[in-house]
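Descriptive structure summary
Below, each chain spelled out in residue letters.
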Amino acid sequence: MKLKKTPLSSLLQATTNHMVDYLEQLDTRPIVPTEDHISAMEGLDFDLQDQPIDPKQVVDLLARLGSPGTVGSAGGRYFGFVIGSTLPAALAAHCLAGAWDQCAGLQVLSPVGAKLEAIAGRWMKQMLGLPGQSGVGFVTGATMGNFTGLATARHALLKQAGWNVEAQGLFGAPEIKVVVGEQVHVSVLKSLSLLGLGSERVVRLPVDDQGRIKTDTFEFEDGPTIVCLQAGNVDTGSVDPLNQIIPLAKKKGAWVHIDGAFGLWAAASSKYKHLIEGVELADSWSVDLHKWLNVPYDNGVVICRNPELLVTAMSVNAAYLPDGTPGPYQLTPGLSRRARGVEAYAALYSLGKSGVAQLIEDCCRHAKTMANSLEQAGYKILNDVVLNQVMVDFGDNTDQIIQAIQEEGTCWASGTTWKGRSAMRISVSSWATTEEDVKVSLEAMIRIARQYSSIT
Ligand SMILES: *Cc1c(COP(=O)(O)O)cnc(C)c1O
C-alpha cells in the first residue's frame, strides 16, 4: 500500500522536532492544560475523511492540538500520584523500538526483545538484591505484576494441595487464605478479585502509624496462605517490616508476595536499602519500571523465585507455538506484546549502578527538602519521610489549597485522606526534578497556602 507523501526521513525529523519542542517548553507551561487547550482538542474530532492523507499532517495536528492537551508529568514539577518521567536514553530507545515494531512475546519473533529482557531482568535482580535464578516477566505495570505473582502463588499452593487450578478452576478447590495489611494497595485487591480469590475475603492485619503491618500482631491460621506485603506505601512511602514478617510467614508455609511498585527501588541505594532488608526472602515481587526507573508507560516486571512455577501458571499450549526454553510469553499473562525490555535496558545501561542510586537518592533528598520547608513554613508533615513520599496537612483549608496549587500551574500534587483528614501528597519520582524545581514549587505551594489562610 502506498501511503507515504512526505519522505520518511522528513516525517521522522519533523516528529523529532516536535518532541524536542515539547520537552523544552515543559518548564514554562502550566502543568495541566488550560481550558482553552482542552476546548482546542475538539479540533481533533471530525468525521473520518475518505482518502489517506500525508502522515506529516497527522503528526503536525497531534503536536499542535494534542501536545497542549497533555499533563506535563514528564517535567520536573509533577508530584502527583507516583509518576516518573522518561530518561533520555529510555525515550530514544522507545523511539528506536517503535521502528523495530517487535512482537516480543516469542523468541522467534524477536531475538533482540528476548535478549534485552533477559539482560535487563538479570541487571534488575542484581540491583534489587533478588535471587539470581528467579524468573522475570515484563508486564504493563505493578498491577499486572501483582496479578501475575498472585496467580503463581495460587498455582503453587493449590498444586501442593493436589489441585490443578489452571485446569480445574476454583469451584471445589481447597481454600486459600489471603493475608494483607490494612493499607494494602488497591491493585492487590483488584488482582485478588480477578483471580477468584476475592477482594473482601482477605484477612486485614493491623498497621502502625506509618501504614506498616505490625509485627507483634502478625499471625494467621494454618493452611494454604498467601501473605501480601508492601514495599512503598503510596501515602507514606513506608515498607512493611519484611525481615521480621517474611520468616514468620515462611515458617508456616505461606507464599509471600511483595508489592514493591516503587519502594523496591530503595534497594539500588546503599543509603536506603536497609528499608527493604529481608526482601529477598519472599517468593514473588511486583515492581514498576514506569514509575521510579523513569521509562515510558507501560512497563513493569513480575519476579518469581521459582521460574518453573511462574511458567506453569502462565503456560498456554497451542500446536503453532514453539516449545523449549521459556520464551517471554511464558512468563506473563499476555501473548503478543511490545519489547518492554528495550527501555529497561536503555535506562539501566545509561545510568549505571551509581546512576540509579543517584536517581533514588536525589528524589528522596528532594522529598526531605519539601517536608522540611513546609514544616518550617508552619504546616504539618503527617508521615516520617523515609523515602520519596511526603504528606502535608495545611489545616482546615487543605482541600481548597490543593485545588488552588493544582490550578495555579507551577507544580502539581494530589490529595489523599490520611486518618480521616485531607492531606496533600507529594511524590518525587522523576529524574527531571532539580533543586530549582523544588525551590520554585515550594515557593508556589507556600505562597498559595498563605494566601488562602489569609483570605478565609
Ligand atoms: C502504582 C502502584 C501500584 C500499581 O501500579 P500500576 O503500574 O499503576 O499498575 C501498585 N502498588 C503500589 C504500591 C503502587 O504505588
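Going by the structure above, here's the rest.
Quick summary incoming for the structure in this document.

About the thresholds
- Residues numbered from 1 in each chain as written.
- Predicted model: local features only at pLDDT ≥ 70, side-chain atom pairs only at ≥ 80, totals over all residues.
- Heavy atoms only, no water.
- Helix = DSSP H or I, 4+ residues; strand = E, 2+ residues; numbered from the N terminus.
- Rg over C-alpha atoms; globule rule 2.2 N^0.38 Å.
- Buried < 20%, exposed > 50% of the residue type's maximum accessible area, 1.4 Å probe, protein only.
- Contact = heavy atoms within 4.5 Å.
- Areas by Shrake-Rupley, 256 points an atom, 1.4 Å probe, with all protein chains shown as cover.
- Near = heavy atom within 4 Å.
- Polar contact = N/O pair within 3.5 Å; in protein donor to acceptor, adjacent residues only side chain to side chain.
- Nonpolar A, V, L, I, M, F, W, Y, C, P; charged D, E, K, R; others polar.
- Pairing = 2+ DSSP bridges.
- Axes fitted to C-alpha atoms, helices over the stretch in contact; angles between N-to-C directions.
- Lys, Arg positive; Asp, Glu negative; His and termini not counted.
- Salt bridge = Lys/Arg side-chain N within 4 Å of Asp/Glu carboxyl O.
- Parallel < 35°, antiparallel > 145°, perpendicular 65-115°, else oblique.
- Left-handed = near helix turned anticlockwise from the far one by under 90°.

1. Digging into the overall build of the protein
For the protein, the helix and strand inventory stands at 13 helices and 11 strands. Here the C-alpha radius of gyration of the protein, 23 Å, is about what a compact globule of 456 residues would show, namely 23 Å. Its C-alpha atoms give the protein principal-axis dimensions of roughly 65 × 60 × 45 Å. Taken across its 456 residues, the protein has 51% of its residues classed as buried. Long-range contacts, defined as pairs at least 24 residues apart, comprise 74% of the intrachain contacts of the protein with a sequence gap of at least 6. Of the roughly 20800 Å² that the protein leaves accessible, carbon and sulfur atoms contribute 55%.

2. Overview of the site of the ligand
T143, D259, D288, H290 and K291 are the nearest of the 13 residues found near the ligand. Between the ligand and the protein, one listed contact pairs an oxygen atom with a side-chain N or O atom of T143 at 2.6 Å. At 3.4 Å from a nitrogen atom of the ligand is found a side-chain nitrogen or oxygen belonging to H185. The protein chains hide 84% of the 380 Å² of surface that the ligand would expose on its own. Counted by class, the shell around the ligand contains four nonpolar, six polar and three charged residues.

3. Digging into the sheet that holds strand β9 (residues 389-393)
Sheet strands pair via backbone hydrogen bonds, and the direction of the pair is either parallel or antiparallel. Reading across the sheet, the four strands line up as β8-β9-β11-β10 and stay open at both edges, with antiparallel pairing between neighbours. The open sheet has two edge strands with one neighbour each: β8 (380-381) and β10 (414-418). For β9 and strand β11 (residues 421-427), the ladder comprises four bridges, and the chain directions are antiparallel. Note that in β11 the partner of V392 across the bridge is M424. Its contacts with the sheet put helix α11 (residues 341-376) on β8, β9 and β11, and the angle it makes with β9 is roughly 15 degrees.

4. Describing the pairing of β10
Only one face of β10 is covered, namely the one carrying S414, T416 and W418; the face carrying G415 and T417 has none of its residues buried. In this structure, β10 lies alongside β11, joined through five bridges in antiparallel fashion. For T416, the partnering residue across the bridge sits in β11 and is A423. Connecting β10 to the next strand, β11, in antiparallel fashion are two residues, including K419 with a positive phi near 50 degrees.

5. What about the side chain of D240?
You can see D240 is positioned in the loop between β4 (225-230) and α9 (242-251). It is R212 that comes nearest to the buried, bridge-free D240 among opposite-charge side chains, at 6.8 Å. From its side chain, D240 meets the backbone nitrogen of Q230 in a polar contact 2.8 Å long. Apart from the residues lying within four places of it in its own chain, the contact partners of D240 are G211, R212, I213, L229 and Q230.

6. Here we look at the environment of T410
Looking at the secondary structure, you find T410 in the loop between α12 (398-408) and β10. By relative accessible area, T410 is classed as buried at 13%. Residue contacts for T410: discarding those within four places in its chain leaves I31, R77, V440, S441 and A444. Here the side chain of T410 touches E408 through a polar contact of 2.6 Å, side chain to side chain.

7. Some details on the packing of helix α6 (residues 142-160) against helix α8 (residues 186-194)
Axis separation between α6 and α8 bottoms out at 9 Å; the angle between their running directions is 45 degrees. Here α6 is positioned oblique relative to α8, judged by the angle of their axes. The chirality of how α6 crosses α8 is right-handed. Taking contact as the criterion, the partners of T143, N146, F147 and L150 in α6 are, on α8, S187, V188, S191, L192 and L194.

8. Some remarks on the pattern of salt bridges
With the rule as written, the count across this model stands at 19 salt bridges. The shortest N-O distance in the salt bridge between K271 and E361 comes to 3.8 Å. One end of the pair, K271, is in the loop between β5 (255-259) and β6 (284-288); the other, E361, is in helix α11, and 90 residues separate them in sequence. Assessed through its relative accessible area of 15%, E361 is described here as buried. Note that R365 is salt-bridged to E435, the shortest N-O span being 2.5 Å. With R365 in helix α11 and E435 in helix α13 (residues 435-455), this residue pair connects regions lying 70 residues apart in the sequence. Using a relative accessible area of 36% as the deciding quantity, one classes R365 as partly exposed. Through salt bridges with shared partners, one network takes in D298, R338, R340 and E343.

9. Let's talk about unusual backbone geometry
Of note, the amide linkage connecting Y297 to D298 takes the cis form, showing an omega dihedral of -10 degrees. Here D298 is to be found in the loop between β6 and β7 (300-304). Positive phi, close to 60 degrees, is recorded for N294, a residue that is not glycine. Within the fold, N294 resides in the loop between β6 and β7. Not every positive phi belongs to a glycine, and K419 is a case in point at roughly 50 degrees. In this fold, K419 is placed in the loop between β10 and β11. Relative accessible area serves as the criterion here: at 59%, K419 is assigned to the exposed category.

Interpretation in functional terms is not warranted from these geometric data alone.
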